[in-house]
Amino acid sequence: MDVDVAVLGGGPAGYTAAIRAAQLGGKVACIEAEPKLGGTCLRVGCIPTKAWVQSAHAYHDARETFAKLGVQTADPSLDFGTVVSWKDAVVDQMTGGIASLFKANGVEWVNGKGTFTGANAIAVEGGEDVAFRSAIVATGSFPIRPPIPGLDSPRCVDSTGLLSQTEVPARLVVLGGGIIGCEFASIFSRFGTEVTIIEMLPHLIPTEDEDAGKELEKAFRKRGIAQHLSKQCTQVDDHGGHLTVHFGEGETVDCDLMLVAVGRAALVEGIGLEAAGVSFDRKGIGTDDHRRTNVAHIYAAGDVAGYWQLAHTGFREGEVAAENAMGHESTFGEPAVPRPIYTDPEIAGAGLTEAQAREKHGDAVVVGRAPWVAIARAVMSGNTTGWVKTIHESTYGELLGIVIVGPHATDLIGEAVVALDAEATIETIADGVAPHPTLAEGVKEAGLVALGRAIHLPPRRR
């Protein structure tokens, strides 16, 4: 098969790139080995995980929130079989949607494992080989498994393995307090599992704003989620029916299942990059702002390119790579990238964290914080955990970042992305007219606090 653009990988970056290249008039083939399109995100990552998040929220609301709002229900119970079926139905709908989009846009899906055999050819195991003028590598990433004795036990699973469970484990140990680990810890705690987190760094979600990490730790403690921070796992013993996890200085905890969530690595091995002449290292494939590799007609996008491990950045990178592969001029630039975390409470950030802002601007940084307990819509929902924090520099008032902990944080952060991309000032945030009563008022109120002009809160600056 001869094509204008060959895309290796059918995940968020890959399928977006394939569709965009076809929109621009290219003959396009997307090579994907899995039986469904969508990559890790749609099949065994973002989409099924967040479907479980919705089930966890619903179960929690039925047990603890509805009665507070005057809605009386019978004693709710969790039907995990239905939880799994709902998750699978959502995945089927979304992956099927990608297949339909391929058909509508004229993208050829070559189902098989693809390997570069040269700078202009991909051999496909079980499918037709593809010759191309340009190619886009979008093979994604895979879960890292550290060399800890006993971690090869079938009871030690990665996120894919955890999503395939058909029963709720009574006891779950989560190795890794990053985003994936904390999201699953939050979900299974709501499902009734006794959850323990082991994290080698001093705080949960260590790449996020430190205040957000501390807020999550406090919320998890209230929920009974055990946290062993600044501790390393040293060994796992499989007793057949359960595990004993060793960590720290001689400490142990027993569990029925262990989630290994210590990070993901770019999938660069075994896809023939050497034959194509493409340079890569353990972090991924190096690219420029056009997502062009060292081989002028080969591009890379998504997790494999080593910038962010986020589906939404993969979408944009795929578009950029496709446009350049089709002869257009497109760059990724430096957009504000939202960082959603689907724990309970939700967390989201965009722009700089407070620590990053102070490292860059020193003392010329002002922070405003509005707690949800002061925002009417949050109070009436019965969910007032957390706050909105705005971060700006004091010389020109430039908005540097926004961090949100609490209800619908992952939805609200879109407002911050628009403001940051528009190079808005803190005055823009504070002087905007927020609809009342809404959660959006929390963003405005945090801006007013930063300026010392709070109406519903005492001014707080630091």
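These lines cover the structure that appears in this document, whether it is placed above or below. Computed from a prediction, not measured in an experiment: that's the story for all the values here.

This paragraph deals with the state of the cysteines. Covalently bonding the sulfur atom of one cysteine to the sulfur atom of another cysteine gives a disulfide. One pass over the full model with this rule turns up zero disulfides. Unpaired in terms of disulfides, Cys30 finds its nearest cysteine sulfur in Cys41, a separation of 15 Å. When its relative accessible area of 0% is taken as the criterion, Cys30 is described as buried. Not engaged in a disulfide, the cysteine Cys233 finds its nearest cysteine sulfur in Cys156; these two sulfurs lie 7.9 Å apart. Accessibility expressed as a relative area gives 10% for Cys233, which makes it buried.

Here we come to a negative patch on the surface. Together, Asp2, Glu108, Glu128 and Asp129 make up a region of like negative charge exposed at the surface. Topologically, Asp2 is positioned in strand β1 (residues 2-8).

Our focus in this paragraph is the nonpolar core. Judged by nonpolar contacts, the single largest core of 38 residues is most densely connected at Trp52, Phe184, Phe188, Phe191, Ile197 and Phe220. Sorting elements by how many residues they give to this core places helix α6 (residues 179-190) first, with five residues. Excluding residues within four positions of it along the chain, Phe188 makes contact with Trp52, Leu162, Val168, Pro169, Leu172, Thr193 and Val195.

Summarising the element assignment, Gly333 is placed in the loop between α9 (311-325) and β20 (339-341). Classification of Gly333 by relative accessible area gives partly exposed; the value is 31%.

Okay, the packing of helix α1 (residues 12-23) against α9 next. Following both chains from N to C, one finds α1 and α9 inclined at 35°, their axes separated by 7 Å at the closest point. Pair α1 / α9 crosses with right-handed handedness. Across from Pro12, Ala13, Tyr15, Thr16, Ala17, Arg20 and Ala21 in α1, the residues of α9 making contact are Ala311, Gly314, Phe315, Gly318, Glu319, Ala322 and Glu323. Of the residues in the contact of α1 with α9, the class split is eight nonpolar, three polar and three charged.

This next bit is on the packing of aromatic side chains. Inspection of every chain in the model, using the stated rule, returns nine aromatic pairs. Aromatic side chains Trp52 and Phe188 sit 5.6 Å apart centroid to centroid with 85° between the ring planes, which places their arrangement in the edge-to-face category. Separated by 136 residues along the polypeptide, Trp52 in helix α3 (residues 46-65) and Phe188 in helix α6 bring together distant segments of the chain. Each member of the pair, Trp52 as well as Phe188, is classed as buried. Taken together, Trp52, Phe80, Phe188 and Phe191 form an aromatic cluster joined through their ring pairs.

A separate point is the sheet that holds strand β15 (residues 257-260). Spatially, five strands are ordered β8-β15-β9-β10-β11 in an open sheet, and the strand pairing comes out parallel. Two strands bound the open sheet, and with one partner strand each, they are β8 (156-157) and β11 (226-229). Bridge analysis of strand β9 (residues 171-175) against strand β10 (residues 194-199) gives five bridges, and the strand direction is parallel. Pairing of Val174 across the sheet is with Ile197, part of β10. Packing of α6 onto the sheet brings it into contact with β9, β10 and β15, and relative to β10 it is tilted by some 165°.

Right, let's get into a nonpolar patch on the surface. Nonpolar side chains collect at one region of the surface, where Phe66, Leu69 and Val71 lie side by side and expose about 240 Å² of accessible area between them. Position of Phe66 among the secondary structure elements: in the loop between α3 and α4 (80-105). Residue classification places Phe66 among the partly exposed residues on the basis of a relative accessible area of 31%.

In spatial order, the strands read β12-β13-β14; together these three strands make up an open sheet with antiparallel pairing. Each of the sheet's edge strands pairs with one partner strand only, and the pair in question is β12 (233-238) and β14 (251-255). Taken over all neighbouring pairs, the strand axes of this sheet differ in orientation by 20° on average, direction set aside. Here β12 runs beside strand β13 (residues 243-247); their pairing, made up of five bridges, is antiparallel. The residue bridging Asp238 from the neighbouring strand is Leu243, located in β13.

Conventions and cut-offs
- Residues numbered from 1 in each chain as written.
- Predicted model: local features only at pLDDT ≥ 70, side-chain atom pairs only at ≥ 80, totals over all residues.
- Heavy atoms only, no water.
- Disulfide = S-S within 2.5 Å.
- Buried < 20%, exposed > 50% of the residue type's maximum accessible area, 1.4 Å probe, protein only.
- Patch = residues over 30% accessible without salt bridge, like charges linked within 9 Å, V, L, I, M, F, W, Y side chains within 5 Å.
- Areas by Shrake-Rupley, 256 points an atom, 1.4 Å probe, with all protein chains shown as cover.
- Salt bridge = Lys/Arg side-chain N within 4 Å of Asp/Glu carboxyl O.
- Lys, Arg positive; Asp, Glu negative; His and termini not counted.
- Charge placed at Lys NZ, Arg CZ, Asp CG, Glu CD.
- Helix = DSSP H or I, 4+ residues; strand = E, 2+ residues; numbered from the N terminus.
- Core = buried A, V, L, I, M, F, W, Y, C linked by side-chain atoms within 4.5 Å.
- Contact = heavy atoms within 4.5 Å.
- Axes fitted to C-alpha atoms, helices over the stretch in contact; angles between N-to-C directions.
- Left-handed = near helix turned anticlockwise from the far one by under 90°.
- Nonpolar A, V, L, I, M, F, W, Y, C, P; charged D, E, K, R; others polar.
- Phe/Tyr/Trp six-rings, centres within 6.5 Å; stacked < 30°, edge-to-face > 60°.
- Pairing = 2+ DSSP bridges.

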